[in-house]
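# Examining the three-dimensional arrangement
Chain by chain, the residues run as shown.
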Amino acid sequence: MDTAHADPTAADGTTEDLQAHFEHTIRRDQRIEPRDWMPDGYRKTLIRQIAQHAHSEIIGMQPEGEWITRAPSLRRKAILFAKVQDEAGHGLYLYSAAETLGADRADLTNRLIEGRQKYSSIFNYPTPTFADVGVIGWFVDGAAICNQVPLCRSSYGPYARAMVRICKEESFHQRQGYELLMTMMRGTDAQRAMVQDAVDRWWWPSLMMFGPPDDNSPNSAASMAWKIKRHSNDELRQRFVDMTVPQAQKLGVTLPDPELRWNEERGRHDFGTPDWSELQRVISGNGPCNTQRLERRAAAHEEGAWVRQAAAAHAAKRAAHEPKGAVA
Ligand code: FAQ
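From a predicted model like this one, the values you see are computed outputs, not experimental measurements.

Conventions used here
- Residues numbered from 1 in each chain as written.
- Predicted model: local features only at pLDDT ≥ 70, side-chain atom pairs only at ≥ 80, totals over all residues.
- Heavy atoms only, no water.
- 1 Å grid on protein atoms, 1.4 Å probe; cavity = no way out; pocket = protein on both sides within 12 Å on 5 of 7 lines; lining within 4 Å.
- Points joined across faces, edges and corners; volume = space filled by probe spheres on them.
- Nonpolar A, V, L, I, M, F, W, Y, C, P; charged D, E, K, R; others polar.
- Helix = DSSP H or I, 4+ residues; strand = E, 2+ residues; numbered from the N terminus.
- Disulfide = S-S within 2.5 Å.
- Near = heavy atom within 4 Å.
- Polar contact = N/O pair within 3.5 Å; in protein donor to acceptor, adjacent residues only side chain to side chain.
- Areas by Shrake-Rupley, 256 points an atom, 1.4 Å probe, with all protein chains shown as cover.
- Sits in = over half its atoms within 2 Å of the grid points.
- Core = buried A, V, L, I, M, F, W, Y, C linked by side-chain atoms within 4.5 Å.
- Buried < 20%, exposed > 50% of the residue type's maximum accessible area, 1.4 Å probe, protein only.
- Contact = heavy atoms within 4.5 Å.
- Axes fitted to C-alpha atoms, helices over the stretch in contact; angles between N-to-C directions.
- Parallel < 35°, antiparallel > 145°, perpendicular 65-115°, else oblique.
- Left-handed = near helix turned anticlockwise from the far one by under 90°.
- pLDDT = per-residue confidence, 0-100.

One number sums up the size of the largest pocket: a volume of about 1,100 Å³. A per-class count over the lining of the largest pocket returns 17 nonpolar, 18 polar and eleven charged. G115, Q117, Y119, I283 and G285 are the residues nearest the centre of the second largest pocket, which is lined by 13 residues in total. The set of elements that each furnish at least two residues to the lining of the second largest pocket consists of α11 (276–286) and α12 (290–303). Among the residues forming the lining of the second largest pocket, the class breakdown is five nonpolar, six polar and two charged.

Put into structure tokens, the structure is as follows:
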């Protein structure tokens, strides 16, 4: 019998048996659920990635949110409102997923505000024109889809299930961005120039969203062995480029990379190297808008204190009036 592939579900509870059961579950592409035993490293990696992902959704409301009061029509305002609300919802599903691993939501928020936990580099760039709203939908949500569709098959159940709904909503976001840009491209020369300018500013930061190159990605090996991540950073970056080039042609904009061309032999596009020192600068807090984003997040948290207090008081009052043993 092949003991490496034996089913150790009859685990008697020793660490070796539990570890073997965990590995067996991963090997068979089944899900790890909150009450299952898991190695410490797996739990820590998940909390790190899910918290960063949640923080990204919440901070990610700011760059586009700045345009809600200035959207050029009621229709565009309603669409933008819905999108930014969706991002808040994604943040909440993800914080809930992190809680199933024993993380405390208030602690995660403090870590973000104090700069002890990261959020995606992409949200540290400014949005000076309305074309930025369209390009964020097209590029940033497009990149998020490439990165997150494989996460629907992530080995941790609550994370994978949250991703299914998030990805559906990201698809709507990507299309609204592209449709907005198509509309602008049918407009005046000034509008077309505005779209091209936004494309030029967001292209390289969007490629950086996928993380450092594979040979400099310290977390990838373990995350892929645990099937948290299903593809490497470079593989997903390549998919994004291949997906986006024909969309750019159809839209009538150029992507700002002189090395970008179709490689017949590889059946994929060749493209230039992002400025990795810029990614490191932005991740370490020195991007164009890092200070502004964290200050805004801290202020919103403070302004929302009364809501948290009211919710806690309401829950305590309800608990006091519930018959003993009642299930909520
Ligand atoms: N920005 O070893 P790796 C969205 C960090 S949501 C900041 O390769 P890993 C929706 C990394 O954390 C966008 N930090 O790490 C939306 C690690 O630091 P640590 C967010 C980055 O985890 C759309 C270190 O560098 N999406 O867009 C970045 O294996 C529009 C070494 O890197 C997710 O979070 C970066 N770009 O791979 C909302 C998806 N890249 O923790 C509003 C889930 C790397 O060791 C509007 N996350 N770092 O101190 C992932 O797939 C992965 O975590 C990666 C990084 C791919 C981001």
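This paragraph deals with the state of the cysteines. As enumerated under the stated definition, the model contains zero disulfides in all. This cysteine, C152, is not joined by any disulfide, and C167 carries the nearest cysteine sulfur, 3.9 Å off.

With that settled, consider the site of the ligand. With respect to spatial proximity, 34 residues lie near the ligand, and among them Q52, K118, S217, K229 and N233 are the closest. Side-chain polar atom of R48 to an oxygen atom of the ligand: 2.9 Å apart, as the coordinates give it. Within the backbone of S121, a nitrogen or oxygen atom sits 2.8 Å from a nitrogen atom of the ligand. With the chains in place, 90% of the 1,100 Å² that the ligand exposes on its own is no longer accessible. A molecule is said to occupy a pocket when more than half its atoms come within 2 Å of that pocket's grid points, and by this definition the ligand occupies the largest pocket. For the shell around the ligand, the secondary-structure elements that each account for two or more residues are α2 (40–59), α4 (74–99), α6 (131–148) and α7 (157–185).

Counting residues in each nonpolar core, the largest one holds 45 residues, and the members touching the most others are W138, F139 and W202. Every element with two or more residues in this core is listed here: α4, α6, α7, α8 (189–208), α10 (233–251) and α11. For this core, the element with the most residues is α6, which contributes nine residues. With residues near it in sequence (within four places) discarded, W202 still touches I122, Y125, P126, T127, D132, V135, I136, F139 and V140. Within the second largest apolar cluster, 26 residues are counted, among which are L46, I58, A97 and L101.

What the rule picks out here adds up to one cavity of 30 Å³ or more. Volume-wise, the largest cavity comes out at about 40 Å³. In terms of lining, the largest cavity is formed by R76, I79, L80, F130, V133, Q176 and L180. Elements with a contribution of two residues or more to the lining of the largest cavity: α4 and α7.

Here the focus is the packing of α6 against α8. The description of two packed helices rests on the angle between their axes and on the distance between the axes. The geometry of α6 relative to α8 is characterised by a closest axis approach of 9 Å and an angle of 30° between their N-to-C directions. When the interaxial angle is binned, α6 and α8 end up roughly parallel. Crossing of α6 over α8 shows right-handed handedness. Of the residues in α8, those touching α6 at A131, D132, V135, I136, W138, F139, V140 and A143 are M194, V195, A198, V199, R201, W202, W203 and S206.

Taken residue by residue, the chain gives an average pLDDT of 94. The fraction at 70 or more is 95%. Within the model, the stretch residues 1–8 combines pLDDT values under 50 with eleven contacts to residues more than four positions away or in other chains.

Mapped onto the elements of the fold, M185 is located in helix α7. Sequence separation of M185 and V195 is ten residues, and the distance between their C-alpha atoms is 7.4 Å. Not counting the four nearest positions on each side in its chain, M185 is found in contact with R192, V195, L251, G252 and V253.

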